[in-house]
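Fold and contact review
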Amino acid sequence: MKGEAADETPVEALAADETIIPDEAPSDALAHSNSGLSVQLFFDQGSGMESLRAIMLLKSIAEVCNEQIVTIPPGVEATTEITQHIIEHGLTIIFGCDEDFINGLEIIKQDIYVDNYEILVESETNTAAPAKAEEVKDMEQKDNTAGIKKPEIKEETKPTDGKDAKKEEKHDLAKHSKTNLINVNLSKLDSLMALVGELVITQSMVTSSSDLKDLKLDNFTKSARQLRKLTTELQDIVMSVRMVPVAGVFQKMNRIVRDMGQKLGKEVQLVTIGNDTEIDKTIVDSIQDPLMHIVRNSMDHGIESDANDRIAFGKPKQGTITLKAEHTGSEVIITISDDGRGMDPDKILASAKEKGLLTKPESEYTKKEILQLTLLPGFSTKTQVTEFSGRGVGMDVVTKNIEKVGGTVYISSEMGEGTVTTFKIPLTLAIIDGMECRVSDYQFTIPIANIRQSFKATKEDIINDAARGEMIQRGDEFITLVRLNHLYKIDGGIDDIEEGIIMWVEFAGISYCLLVDELIGQHQVVVKPLPLYFGAYNLRDFGITGCTILGDGNISIILDVPNIFNFATGRLDSRNNGPKDASLEEENSETNYIAEEKIDSLMLKLLTFTVGEKPFAINTDNVMEIINVFTITQFPLLPDYIKGVINLRGQIIPVLDMRLKLGNHQSVDMGSMKSCIIILEVNSTTLGILVDEVFLVADVEKTAIAPPPANNKHDLITGIVEIEEMVHLIFDLSALTKVA
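Residues numbered from 1 in each chain as written. Predicted model: local features only at pLDDT ≥ 70, side-chain atom pairs only at ≥ 80, totals over all residues. Heavy atoms only, no water.

1. Brief notes about the overall build of the protein
In terms of helices and strands, the protein carries 19 helices and 33 strands. Counting over 740 residues, the protein shows a buried share of 46%. Sequence-distant contacts, at least 24 apart, represent 67% of the contacts inside the protein between residues at least 6 apart. Of the accessible surface of the protein, which amounts to about 38500 Å², a share of 50% is contributed by carbon and sulfur atoms. (Helix = DSSP H or I, 4+ residues; strand = E, 2+ residues; numbered from the N terminus. Buried < 20%, exposed > 50% of the residue type's maximum accessible area, 1.4 Å probe, protein only. Contact = heavy atoms within 4.5 Å. Areas by Shrake-Rupley, 256 points an atom, 1.4 Å probe, with all protein chains shown as cover.)

Printed below as a string of structure tokens:
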């Protein structure tokens, strides 16, 4: 059995899926040990819940061990006595073989709650002593003979003359000069970029710490400035490693132009400019389909079918499609232009009116706005379905794909001269320049690329239009006004226009204004994706695209300027914007709590806790860790039982209030010393549950678990069990990940 505990009493830990009580004593259990090595460790002072942390550490170690392990104290349980023993004397783990020792030591080194550890060796008199370097080296040699592969060091003993040595040296130099390029898995670069992002955040937290306020620390300020410089250089280097030229994508368009030219009977050449322009690898992969769609449109709609029409307009017989890429600051501009017939604004406006896509009278549309209508869902001027167009897949697909990578799409055209489609795309998705602003207790980040300007306004600037709602006058323009506190139903935001700040934002030729309480400042932020649990609520459709961790450790919500406008003006497309029915996706998944365990296991380890006054239990296999309650950042437009998110060592984790989730009217008291957050991982989803108090880990037989009572009103309850003369309700964690 893998990683079994070999104490005389069961190890009340997460150290194994099944607890085995061995026949032999601990000393006999180690009779076959090659090294007799053990580790004595101590947890961080003041971390609390030492016994629970020991249980979780033993679980991780057991997963990598092949032989039995022994612990001192034996029978680790979540009790006051065990906790006190671990605080005073530490936890000693005795391994059954050398390989287990090496693997287990790696787990101990990675545990963030372990303060220090010492390697001990069982001597002939059965007394523990610190391991010597020679003994550890001897252990490694034994591992090599046992089949554990170690790097081999070959020593050359054969003497060589000077000429041979020079030849070998030249050969080595030539060999090394050819290895200046290596293939690296993209996931490794993603991890490196994530670590650099965390470094940027940590550096900001250190230099802007409130503990340094009003202190004159010249040496520290100088060192902090140097650290910021080095961090910026490291960030630039890592970003440059992820950059790849757009030439590969551009070259793929040659075949499309050639094949479509033959089928449509058009003579067209493709010209590419800026092939060496580099952007993030992820973005390159994302723009390939939009680029292909635009090129096909230019071939089908743009370039004239009859060469005589081109000659009549003074154009060469051969049409030209030009792809151009160039850097402009923190963005890349990609343009796709053709010298074809151009777009007819009158025809576009008539088609949009026929399809019901207009939001204001025809006379109020400018030429720029008319051209942008072609990007709306459902727009098409093609009346006949062909191999290349008229199939219902319009330019809105291009817009969505570009917006997913933080870009925007612009269109310009002149009748008889051609059309130009422009993609404005950020260099990378990982780090952006953003403006921090506040609305009540919520902190938001607006990408600098979307901000036109900020200004103060008066009540005289506000105009209420029956068709377009509240608007603000800026010069000769009348711009739609969106109040974020009203849009996101935030209590306490500023309503007086003269007290707030107006943010004039724009995207794809469309501009509008946002009312916020105050501006905090401009920062370079690391973009964090929304938690997987939030995916069912489609928050991106409502203008929330991600979040970022600020220098003080708090979380700011990153806003998506295009989707805020779509949400505020009712332009969301027909797809379902409500929560998905996760039960449909998990219809075939096994939700029976007992069936989730291994068939050969007769016991369950349950973590017990209270919600309100009721005792509950969950499977410890899903428990990652238990933490004290700290700052929770609220998210708008979510159910009340979702308290918000926390920043746990750089990971954004949603937190559920279990009182509200179970239908109670009063939430968990977050100010209580007993309340805590249990971090779970269920169905690849990480989330935290806020409970009133955590008690102990108990071993129970599966046969002791009974079905839920007949009057059970919650699908979260999958069974009941008696623990220490109290009936506990068992949570179905699979049902917990389903959104209501």
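2. A look at the pattern of salt bridges
The full count for this structure, using the stated rule, is 17 salt bridges. Linking Asp-339 and Arg-310 is a salt bridge whose minimum nitrogen-to-oxygen distance equals 2.8 Å. Taken together, the residues Asp-339 in the loop between β10 (331-338) and α12 (345-354) and Arg-310 in helix α11 (residues 307-312) connect sequence positions 29 residues apart. The buried category is assigned to Asp-339, whose relative accessible area is 18%. (Salt bridge = Lys/Arg side-chain N within 4 Å of Asp/Glu carboxyl O.)

3. Things to note about the sheet that holds strand β18 (residues 477-483)
Overall, mixed pairing links the six strands, which are arranged β15-β19-β20-β18-β17-β16 in an open sheet. With partners counted over all chains shown, the strands left at the sheet margins are β15 (451-455) and β16 (462-465), one partner each. The sheet shows a mean angle of 35 degrees between the axes of neighbouring strands, direction not considered. Alignment of strand β19 (residues 501-507) against strand β20 (residues 510-516), held across seven bridges, turns out to be antiparallel. When the sheet's bridge partners are listed, Met-503 is paired in β20 with Leu-514. (Pairing = 2+ DSSP bridges. Axes fitted to C-alpha atoms, helices over the stretch in contact; angles between N-to-C directions.)

4. Brief notes about the packing of aromatic side chains
Under the defined criterion, the tally for this structure stands at eleven aromatic pairs. Plain terms: the ring middles of Tyr-442 and Phe-444 are 6.2 Å apart, the flat faces sit at 10 degrees to each other, and that makes the pair stacked. In terms of burial, Tyr-442 and Phe-444 fall into one category: buried. With a centroid separation of 5.3 Å and 55 degrees between ring planes, the pair formed by Phe-534 and Phe-635 is classed as tilted. Of the two residues, Phe-534 is situated in the loop between β21 (518-526) and β22 (544-549) and Phe-635 in the loop between β26 (623-628) and β27 (642-648); the sequence distance between them amounts to 101 residues. The same class applies to Phe-534 and to Phe-635, which are both buried. Each member of the aromatic cluster is reached from another via a ring pair, and the members are Tyr-442, Phe-444 and Tyr-488. Looking at Arg-452, its charged tip hangs above the ring of Trp-504, at a distance of 4.0 Å from the centre. (Phe/Tyr/Trp six-rings, centres within 6.5 Å; stacked < 30°, edge-to-face > 60°. Lys NZ or Arg CZ within 6 Å of the ring centre and 35° of its normal.)

5. Digging into the packing of helix α2 (residues 50-62) against helix α3 (residues 80-89)
Their axes nearest at 8 Å, the elements α2 and α3 cross at an angle of 80 degrees. It follows that α2 is roughly perpendicular to α3 by the angle criterion. Listed contacts from α3 to Glu-50, Ser-51 and Ala-54 of α2 are Ile-82, Thr-83, Ile-86 and Ile-87. (Parallel < 35°, antiparallel > 145°, perpendicular 65-115°, else oblique.)

6. What to know about unusual backbone geometry
A cis geometry characterises the amide bond from Ile-72 onward to Pro-73, with omega recorded as 10 degrees. At Lys-489, a position not held by glycine, the phi torsion is positive, near 55 degrees. Mapped onto the fold, Lys-489 is located in the loop between α15 (484-487) and β19. Not every positive phi belongs to a glycine, and Asn-538 is a case in point at roughly 50 degrees.

7. Quick look at the pairing of β19
With six of seven residues buried, β19 lies mostly within the body of the structure. Here β19 hands over to β20 after two residues, with Ala-508 in that stretch at a positive phi of 45 degrees.

8. Thoughts on the nonpolar core
Core analysis: the largest hydrophobic core is formed by 120 residues, its most contacted members being Phe-444, Leu-484, Tyr-512, Phe-609, Ile-618, Ile-678 and Phe-731. Ranked by the residues each element gives to this core, the list is headed by α2, at seven residues. Beyond its immediate stretch of four places on either side in the chain, Ile-678 contacts Leu-607, Phe-609, Ile-618, Val-623, Glu-625, Leu-687, Gly-688, Ile-689, Val-691 and Val-694. Formed by 44 residues, the second largest nonpolar core is a distinct cluster that contains Met-260, Met-299, Ile-336 and Ile-411. (Core = buried A, V, L, I, M, F, W, Y, C linked by side-chain atoms within 4.5 Å.)

9. Here's the deal with helix α10 (residues 281-302)
Counted at 1.5 Å a residue, the expected span for α10 with its 22 residues is 32 Å, and the 30 Å between its end C-alpha atoms agrees. The sharpest bend along α10 comes to roughly 35 degrees, located at Ile-287, with the proline Pro-290 sitting one to four residues further on. For α10, the N-terminal cap is Asp-280; the gap from its side-chain oxygen to the backbone nitrogen of Thr-282 is 2.9 Å. (Expected span 1.5 Å × (residues − 1). Bend = angle between axes of the 7 residues up to and from the residue. Polar contact = N/O pair within 3.5 Å; in protein donor to acceptor, adjacent residues only side chain to side chain.)

10. Some points on the side chain of Asp-339
Of the polar contacts made by the side chain of Asp-339, one reaches the backbone nitrogen of Thr-320; its length is 3.0 Å. Among all residues touching Asp-339, those that are not within four sequence positions of it are Ile-303, Glu-304, Arg-310, Lys-315, Gln-318, Gly-319, Thr-320, Glu-417 and Gly-418.

11. Some words on the pairing of strand β28 (residues 651-657)
Counting buried residues in β28 gives six out of seven residues, a clear majority hidden from the surface. Examined bridge by bridge, β27 and β28 share six bridges and lie antiparallel to one another. Looking at β28, one finds that Val-645 is bridged to Pro-654. Count of turn residues in the β27/β28 antiparallel hairpin: two residues, of which Arg-649 carries a positive phi of about 50 degrees.

12. Comments concerning helix α9 (residues 247-264)
In this model α9 runs 26 Å from its N-terminal to its C-terminal C-alpha over 18 residues, within 8% of the 26 Å that 1.5 Å per residue would give. Packed against the buried residues of α9 are β6 (243-245), β7 (268-273), α10, β9 (319-328) and β10. Following α9 by one or two positions, Gly-265 has its phi on the positive side, about 70 degrees.

13. Topic: a nonpolar patch on the surface
Together, Val-206, Leu-215, Leu-217 and Phe-220 give the surface a local cluster of nonpolar side chains, amounting to about 310 Å² of exposed area. Of note, Phe-220 is situated in helix α8 (residues 218-241). Since its relative accessible area comes to 30%, Phe-220 is described here as partly exposed. (Patch = residues over 30% accessible without salt bridge, like charges linked within 9 Å, V, L, I, M, F, W, Y side chains within 5 Å.)

14. A look at the sheet that holds strand β32 (residues 717-723)
Each strand in a sheet pairs with another by means of backbone hydrogen bonds, the pair being arranged parallel or else antiparallel. Read from one edge of the open sheet, five strands run β31-β24-β25-β33-β32, paired in mixed fashion. Each of the sheet's edge strands pairs with one partner strand only, and the pair in question is β31 (693-701) and β32. Taking the axes of each pair of neighbouring strands and ignoring which way they run, one obtains an average angle of 35 degrees across the sheet. Looking at chain direction, strand β24 (residues 603-611) and strand β25 (residues 614-619) are connected through six bridges and run antiparallel. Paired with Thr-608 across the two strands is Ala-617, which belongs to β25.

15. Some points on the packing of α9 against α10
At a closest axis distance of 10 Å, the pairing of α9 and α10 adopts a crossing angle of 25 degrees. Between α9 and α10, the angle is such that the two are roughly parallel. Relative to α10, the crossing made by α9 is right-handed. Contact residues: α9 offers Val-249, Phe-250, Lys-252, Met-253, Ile-256, Val-257, Met-260, Gly-261 and Leu-264, while α10 offers Val-284, Gln-288, Leu-291, Met-292, Val-295, Arg-296, Met-299 and Asp-300. Of the residues contributing to the contact of α9 with α10, the split by class is twelve nonpolar, two polar and three charged. (Left-handed = near helix turned anticlockwise from the far one by under 90°. Nonpolar A, V, L, I, M, F, W, Y, C, P; charged D, E, K, R; others polar.)

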